[in-house]
Amino acid sequence: MRALSTSLKSLRFAAVLGLMFGALSLGEAKAANPLELNFWLSGPRYDGIVADCDKALPTIATQFWEKESSFWNSSLKITGFAAVHEIAFRPWQSDNIPRRYCTGDAMLNDGKMRKVHFSIIEDGGFAGYGQNVEWCVVGLDRNWAYNPACRAARP
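**Q** Please provide a residue-by-residue account of the packing of aromatic side chains, values included.
**A** Evaluation of the coordinates by the stated rule reveals two aromatic pairs. Considering the side-chain rings of Phe64 and Trp135, the 6.0 Å spacing of their centres and the 65 degrees angle between planes classify their relative orientation as edge-to-face. With Phe64 in helix 3 (residues 57–71) and Trp135 in strand 4 (residues 132–137), this pair connects stretches of sequence that are 71 residues apart. Each of the two residues, Phe64 as well as Trp135, counts as buried. Taking the centre distance of 5.8 Å and the plane angle of 90 degrees together, the rings of Trp92 and Tyr101 count as edge-to-face. A relative accessible area of 5% means that Tyr101 is categorised as buried.

Printed below as a string of structure tokens:
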């Protein structure tokens, strides 16, 4: 009985508190002051400076090995790249995040040559700092993130 009385009191307190905050929010809406308008809301300022395709290759090789060994219990590694070239730069509107799309051939330690498609993204790193690389090796997209045949990794 005592527990019921305590829970009813806390329920009433919560209801009164909710009504008070609700009444406070019924006030007139006001425009933001100048400080609120300009505080860290500068908008996108992209320079369009994105690294060349060759700069991303060590990152791709390292991340590929980490993914294969950690998640798929595989010993596959990329041992080299060939015919790496750019296929598009900012293929959509110019005010989108700048990306350089590249493709090439990756030689794996199992002796097979596979296509690799990747993009280098300006300000795409952790918390928007630095560049990021998104990549896909055709035939080894085991979680189907870029399927079919890594099509989603291309422009």
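**Q** How would you sum up unusual backbone geometry? Please name residues and give values.
**A** Here the bond from Asn147 into Pro148 is cis, since omega is 0 degrees, no more than 30 degrees from zero. Topologically, Pro148 is positioned in the segment after strand 4. For Asn73, which is not glycine, the phi torsion reads 50 degrees and is therefore positive. Here Asn73 lies in the loop between helix 3 and strand 1 (78–89).

Reading the values: rules and limits
Residues numbered from 1 in each chain as written. Predicted model: local features only at pLDDT ≥ 70, side-chain atom pairs only at ≥ 80, totals over all residues. Heavy atoms only, no water. Phe/Tyr/Trp six-rings, centres within 6.5 Å; stacked < 30°, edge-to-face > 60°. Helix = DSSP H or I, 4+ residues; strand = E, 2+ residues; numbered from the N terminus. Buried < 20%, exposed > 50% of the residue type's maximum accessible area, 1.4 Å probe, protein only.

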